[in-house]
Amino acid sequence: MTRILFSDKLDNCVAKWRSAGLTVIGPVQGESLSSYATVEKGTDLHLGMVLPDRSLKELFFPQTEPMLRYTIKKNEIETADFTPPSAQRIIFGARPCDASGLAIDDPLFGWDYKDEYWFQRRNESVIVTIACTKADDFCLCTSLKLAPDSTKGTDVLLRPLDKNRGWLVEELTDRGREAFAIISEYLQESSETALPTVEVPEKFNLDACVAWLQNPENFDSKFWKEISMRCIGCASCTYLCPTCHCFDIQDEGDTYSGIRRKNWDSCSFALFTMHTSGHNPRSTQSARWRQRIMHKFNYFPGKFSVNSCSGCGRCSRQCPVDMGITETLQEISKL
Amino acid sequence: MITQEKYRTTVKELLANGTIKMAIGYRPGSTSDRRRPLFIRTSEEADQLVLDSTCITNLSGYLVAEGLLSDEKRVGIFLRPEGIRSINILAAEYQLNVDQIVIFGFDSTGREVRPLQGQTTSDFSALLSEIRENPPLTTKEPLLERIEKMNAKERFDFWQQEFSRCIKCYACRQACPMCYCRRCIVDSNQPQWVNTSSHTLGNFEWNVVRAFHLSGRCVQCGNCDRACPVNIPLRFINQRMAKEVVDGFDHFAGLSPTQEPVLASFKKDDTETFIL
Ligand code: SF4
Ligand code: SF4
Ligand code: SF4
Ligand code: SF4
């Protein structure tokens, strides 16, 4: 026997979680953009979309974040730390690719320095993922050896029933069980079966691509120039990506006082890792695009044994010149 | 279809006889409604060319990126009228030499594509003047009508709300053929003129800088608007600024490669006592 959460109980659940002090967040379709946002009622959630335009990453790693306030005095420097406001949160209706993205970035944010901003939010968030029963042309989780019902990064997996009636509940972690204990009165025992997950065709052979990338001879392949000729360096791919994690630390203010912030950065920018001397180790767009691909499928897995891509397809979906991970790895497969 | 076939042949001929070293056009994209930029150097590549009503990206920015024209050889490029205007502006601002550009002009109404006669920008001056006098009818945009009815305070609040979504990816800048500065002011960090943070103030600063710098230069190709990953209706800002420049300075950007840039020219008999 498994337990079922019926859709008509969602409002009650959201109310219950909220009265238990949890902020409820989920996919919301705004006037012109969809994202994961705070909701007050179950009916505010838009669970029908393939996935929100914006990824889950920004709830853990916002585009700009104050770190400390500094004041330079005659003989001392005064600093005051900012920490994110503490808030227990439940993210209801994450997509498996977005949830996986969080798990992929965990080792990165905890490797040499434990990023307290990331981990505070990770520890305070329960991720309730809904398995996908529909996909679009750009979804590619299966090409990354993930699936429309991957449980990576997920605390509770929900499998949809037919006719939007509700979900089968699979509690995967203690944190998930605790959150669902709060709403246990709304769960029902049942032997129903869930809808099958969507078939997402594999778009390329990942192992073959990775082998090509790992071959040092291909670092200088003319392929990089060819594929990147159309890249305009717009950074949309990196900023919408649930796993891209580069940031830049900036002081904002004047010489004597200001705020130190952590801002998103992107390898698509000409300024990315430019040296103070003016030397730019990646002075062309092709070198920058190569960096993005190499980082995701060669360097990152080399260090953390996992690819830095969860197959959400946002990079291809949004790219103004129709390139992204899919188009690039498909081309590599042909080499 | 016929237009596309004719142009394939023309491109092949011009490549074969050495008139151009490359042609920049469109090829099929990853879905049926997408087109991606194509760089044609060989006859085989010319066979990939598509030209239909979904070819909307203004490709002229590629001409000034990473030194494409520095060898003084000619490059062919597929352009709609807005694209031709942007070539004129780039030439007027000394970013390229129009003699190096071979234009393959086209336009579309509905799904119908038609070629535009001519090869160099001067061949299109009559067409551009005509567009200035009789701008093509655009579809009514309910949001624009809403914005136009707002008072200054409401408009400010509206844009503040829109800009709050900005993530400062600068896709709008990168997609714009007029944003060719080697180092954009927002990337200058010695000193840092503009905040890099994507908070309300930073987003506002960026979008205001962009609006001003494109006044009298924007050709309304829509590249920025389509590139913005958070769907800020950037086209309305640029349309409005273009209108202000036409009304205030009688300047319609991109009519000829020698037209004086409106914000970079100076007249001794200017009635204004203040220069921005
Ligand atoms: S979204 Fe496309 S054009 Fe923009 S940086 Fe990424 S690959 Fe390049
Ligand atoms: S690289 Fe592209 S497909 Fe992979 S996680 Fe990032 S945005 Fe999604
Ligand atoms: S501002 Fe936008 S519409 Fe205007 S020329 Fe630049 S990309 Fe085109
Ligand atoms: S493209 Fe959109 S999100 Fe990116 S910087 Fe421009 S306005 Fe902001």
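Residues numbered from 1 in each chain as written. Chains lettered and ligands numbered in written order. Predicted model: local features only at pLDDT ≥ 70, side-chain atom pairs only at ≥ 80, totals over all residues. Heavy atoms only, no water.

**Things to note about the domain arrangement of chain A**
Residues and elements named next belong to chain A.
Okay, so step 1: Entries for chain A in the domain assignment read domain 1 (2–190) and domain 2 (206–334).
Okay, so step 2: Each of domain 1 and domain 2 has a C-alpha centre, and these two points are 25 Å apart.
Okay, so step 3: Contacts between the two partners involve 43 residues from domain 1 and, on the opposite side, 44 residues from domain 2.
Okay, so step 4: Both sides of the domain 1 and domain 2 interface together cover about 3,600 Å² of buried area, and 60% of this is carbon and sulfur.
Okay, so step 5: The interface formed by domain 1 and domain 2 holds four salt bridges in total.
Okay, so step 6: Put simply, Asp 115 and Lys 262 hold a salt bridge, and the shortest N to O gap is 2.7 Å.
Okay, so step 7: For the interface between domain 1 and domain 2, the tally reads 25 residue pairs in polar contact (both at pLDDT 80 or more).
Okay, so step 8: Where the side of domain 1 that touches domain 2 is concerned, the elements lending two or more residues are β4 (64–72) and α2 (96–109).
Okay, so step 9: When its residues are assigned to classes, the side of domain 1 that touches domain 2 shows 24 nonpolar, seven polar and 12 charged. (Domains from an automatic or database assignment. Contact = heavy atoms within 4.5 Å. Buried area = accessible area lost by both parts, 1.4 Å probe. Salt bridge = Lys/Arg side-chain N within 4 Å of Asp/Glu carboxyl O. Polar contact = N/O pair within 3.5 Å; in protein donor to acceptor, adjacent residues only side chain to side chain. Helix = DSSP H or I, 4+ residues; strand = E, 2+ residues; numbered from the N terminus. Nonpolar A, V, L, I, M, F, W, Y, C, P; charged D, E, K, R; others polar.)

**Describing the packing of aromatic side chains**
Okay, so step 1: Evaluated as defined, the whole model comprises 26 aromatic pairs over all chains.
Okay, so step 2: Consider the rings of A:Trp17 and A:Phe92, whose centres lie 5.9 Å apart with planes at 45°: the pair is tilted. Of this pair, A:Trp17 sits in helix α1 (residues 10–19) while A:Phe92 sits in strand β6 (residues 89–94), and the two are 75 residues apart along the sequence. Grouping residues by exposure puts A:Trp17 and A:Phe92 together as buried.
Okay, so step 3: Between B:Tyr26 and B:Phe106, the ring centres sit 6.0 Å apart and the planes meet at 80°, which makes this aromatic pair edge-to-face. One end of the pair, B:Tyr26, is in strand β1 (residues 22–28); the other, B:Phe106, is in strand β4 (residues 101–109), and 80 residues separate them in sequence. Across this residue pair, the class does not change: B:Tyr26 and B:Phe106 are buried.
Okay, so step 4: Among the aromatic side chains, those forming a connected cluster through ring pairs are A:Phe60, A:Phe61, A:Phe109, A:Trp118, A:Tyr239, A:Phe247, A:Trp264, A:Phe269, B:Tyr170 and B:Trp206.
Okay, so step 5: Above the face of the A:Phe60 ring, A:Arg122 is positioned so that its terminal group lies 5.9 Å from the ring centre. (Phe/Tyr/Trp six-rings, centres within 6.5 Å; stacked < 30°, edge-to-face > 60°. Buried < 20%, exposed > 50% of the residue type's maximum accessible area, 1.4 Å probe, protein only. Lys NZ or Arg CZ within 6 Å of the ring centre and 35° of its normal.)

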